[in-house]
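Structural overview for review
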Amino acid sequence: MRYDFDKPVDRSRHHAAKYDERVRVFGTDQVIPLWIADMDLPTAQPILDAVTARAREGLFGYTSRPASYFEAACAWQARRHGWSPDPALCSHALGVVPALAALVRLFSDPGDHILIQPPVYMEFAEVTVFQERTVLNNPLIETAPGHWEIDWADFEAKASQAKLFLLCSPHNPLGKIWTREELERMMALCLKHHVLVVSDEIHADLILHGTHIPTASLSPEIAANVITCVSATKTFNLAGLHASVTIFPDREKKERYDRFWMSFDVHRNNVFSLAAMEAAWREGDEWLDQLLPYLEANMRYVKAYLDDNVPEIKTFVPDATYLMWLDCRGLGLDQEALVRFMIEEAGLGLSNGKGFDPDRTGFMRLNAACPRSTLEQAMVQLERAVRARREGQA
């Protein structure tokens, strides 16, 4: 079937965090919300059909997870990414972030160093701090507009001090797809310094250009040192169903992880995540194949608009995700003033770049996974605000 991603979606009656939490996050609900990473787009029809059919049964008791669930997750990895993990080494979590927190807690000790690569998803640092570990930054270097590279000397120096490496692959917020050479070099250094790797691959299905390489697919030696976190929630806009899959290299690590969650009596899917996730993995290809060019076109629109009308703000079309990293340094504002400008003058609710890297200023993140009309209005408001600022400085 054909999907209409241009059709506006009203989320005001569904307790959507992206909308209902605007006052808490931005101090006002008078902003277009382009922050939290979910989509203002309807999901695939097979998922809606599966959830609807389950709801019609009218019974919502404790739900057993069939073997077909993890088999579907692994079949999706094989079909989309050429990697065939073992369903017997898969475990459930309420989401990738809870999984990351549990893995940091289980496979390091208080005070240990956890290696990350800012600007990176803010939860990497937050789960590290919450577990009383120490963040170790290997900042990525922008060598050309939209082109980011690893500081290899710094990476090895930091890896020699780290217990865990939290890899974001593809990278959020930069949308970078790691090359095979980059992945192999990072993994070799982690093996050399006995650093366990946790690879967050939740954005792996949202590939616009190039090919995602699952970290654990590189070689048997590397696979033995990698725990992989995946989910259908980012791909298919199912985050509110709270489910993800953690894929382990061996039974000992899996059993240790499972015992941790069992101590909280967290080991089952909820009744709807079970139906939705399996339907996504088995029948979601058609929807995803239509979504990806829509997302890319949205981001090309934003870049072209800014290039033509707001040269003070620079961006690029990423290779993956639906997130855009905005370089706003041309506005000449410090970070606090930039955030206020976006909220109060432009009427936009963007993610504060400071959360992804506390040492960088002048950046914001924009979520382009919405109908084109939403982005058109956002760009008009942004241009108007920047023009007024220009005129005020003249």
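Residues numbered from 1 in each chain as written. Predicted model: local features only at pLDDT ≥ 70, side-chain atom pairs only at ≥ 80, totals over all residues. Heavy atoms only, no water.

An unreviewed UniProt entry annotates the chain as cysteine-S-conjugate beta-lyase of Candidatus Avoscillospira stercorigallinarum. If you open the UniProt record of the chain and go to Sequence similarities (unreviewed entry), you find "Belongs to the class-II pyridoxal-phosphate-dependent aminotransferase family. MalY/PatB cystathionine beta-lyase subfamily." What the UniProt record of the chain gives under Cofactor (unreviewed entry) is the line "pyridoxal 5'-phosphate". (UniProt positions renumbered as here; feature names shortened; annotations may be inferred.)

Description of the pairing of strand β11 (residues 323-327)
The side chains of a regular strand alternate between both faces of the sheet. Among the 5 residues in β11, 5 count as buried, and that is most of the element. In β11, alternate side chains face the same way, and those of Leu323, Trp325 and Asp327 on one face and Met324 and Leu326 on the other are all buried. Alignment of β11 against strand β14 (residues 363-367), held across 5 bridges, turns out to be antiparallel. Within the sheet, the bridge partner assigned to Asp327 lies in β14 and is Phe363. (Buried < 20%, exposed > 50% of the residue type's maximum accessible area, 1.4 Å probe, protein only. Helix = DSSP H or I, 4+ residues; strand = E, 2+ residues; numbered from the N terminus. Pairing = 2+ DSSP bridges.)

Some details on the packing of helix α5 (residues 96-106) against helix α6 (residues 123-130)
Taken N-terminus to C-terminus, the directions of α5 and α6 make an angle of 40°; their axes are 9 Å apart at the nearest point. The angle between α5 and α6 places the two elements in the oblique class. Handedness of the crossing formed by α5 with α6: right-handed. For the pair α5 and α6, the contacting residues are Val97, Leu100, Ala101 and Val104 in the first and Glu123, Phe124 and Val127 in the second. Its residues assigned to classes, the contact of α5 with α6 comprises 6 nonpolar, no polar and 1 charged. (Axes fitted to C-alpha atoms, helices over the stretch in contact; angles between N-to-C directions. Parallel < 35°, antiparallel > 145°, perpendicular 65-115°, else oblique. Left-handed = near helix turned anticlockwise from the far one by under 90°. Contact = heavy atoms within 4.5 Å. Nonpolar A, V, L, I, M, F, W, Y, C, P; charged D, E, K, R; others polar.)

Description of the side chain of Asp327
Examined against the element boundaries, Asp327 turns out to sit in strand β11. Residue classification places Asp327 among the buried residues on the basis of a relative accessible area of 16%. Within the structure, Asp327 has its side chain in polar contact with the side chain of Arg329 (distance 2.7 Å). In this view, Asp327 contacts Glu312, Ile313, Lys314, Gly362 and Phe363; residues no more than four positions away in its chain are not counted. (Polar contact = N/O pair within 3.5 Å; in protein donor to acceptor, adjacent residues only side chain to side chain.)

So, the packing of helix α13 (residues 285-309) against helix α15 (residues 372-393)
Contact pair α13 / α15: the axes reach a minimum separation of 11 Å and the direction vectors enclose 15°. Taken together, the axis directions place α13 and α15 in an arrangement best described as roughly parallel. Our pair here, α13 against α15, has a crossing hand that is right-handed. Packed against α13, whose contacting residues are Tyr294, Ala297, Asn298, Tyr301, Val302, Tyr305, Leu306 and Asn309, the element α15 presents Arg372, Leu375, Glu376, Met379, Val380, Leu382, Glu383 and Arg390 at the interface.

Some words on the UniProt feature "domain: Aminotransferase class I/classII large" (unreviewed entry) in the chain
Residues given the UniProt feature "domain: Aminotransferase class I/classII large" (unreviewed entry) here are residues 95-379. For the annotated span residues 95-379, helix accounts for 41% and strand for 18% of the residues, and the straight-line distance between the end C-alpha atoms is 32 Å.

Things to note about the pattern of salt bridges
Overall, the coordinates contain 25 salt bridges when judged by the stated rule. A salt bridge links Arg390 to Glu312, with the shortest nitrogen-to-oxygen separation between them at 2.6 Å. Residue Arg390 is found in helix α15, and its partner Glu312 is found in the loop between α13 and β11; the two are separated by 78 residues along the sequence. We note a salt bridge from Arg360 to Asp357, for which the minimum N-O separation is 2.6 Å. Accessibility classification places Arg360 together with Asp357 in one group, the buried group. Taken together, the shared-partner salt bridges connect Arg11, Lys18, Asp38 and Asp40 into one network. (Salt bridge = Lys/Arg side-chain N within 4 Å of Asp/Glu carboxyl O.)

Re the environment of Asp289
Here Asp289 shows up in helix α13. Using a relative accessible area of 44% as the deciding quantity, one classes Asp289 as partly exposed. For the pair Asp289 and Leu206, spaced 83 residues apart in sequence, the C-alpha to C-alpha distance is 9.7 Å. Within the local environment of Asp289, its side chain forms a polar contact with the side chain of Arg80, the two groups lying 3.1 Å apart.

Thoughts on the environment of Tyr121
Along the chain, Tyr121 falls in the loop between β3 (113-116) and α6. Taking relative accessible area as the criterion, Tyr121 reaches 24% and is therefore assigned partly exposed. It is 7.8 Å that separates the C-alpha atoms of Tyr121 and Gly355, two residues lying 234 residues apart in sequence.

Points about the sheet that holds β11
Hydrogen bonding along the main chain pairs the strands of a sheet, whether they run parallel or antiparallel. The 3 strands are arranged β11-β14-β13 in an open sheet whose pairing can be described as antiparallel. At either end of the open sheet lies a strand with only one pairing partner, and these are β11 and β13 (351-352). Taken together, the 2 bridges between β13 and β14 define a ladder with antiparallel strand orientation. By the bridge assignment for β14, Asn352 is matched with Met364.

Here we look at unusual backbone geometry
Residue Pro119 is bonded to the preceding Pro118 through a cis peptide linkage, with omega at 5°. Here Pro119 is to be found in the loop between β3 and α6. Of the consecutive residues Ser169 and Pro170, the connecting peptide bond is found in the cis state with omega at -5°. Summarising the element assignment, Pro170 is placed in the loop between β7 (162-168) and α8 (180-192). In the Ramachandran plot, His194 falls in the positive-phi region, its phi being about 60° despite a non-glycine side chain. Note on placement: His194 falls in the loop between α8 and β8 (196-200). You can call His194 exposed: its relative accessible area is 69%. One non-glycine residue, Thr321, lies in the positive phi region at around 75°. Checked against the element boundaries, Thr321 lands in the loop between α13 and β11.

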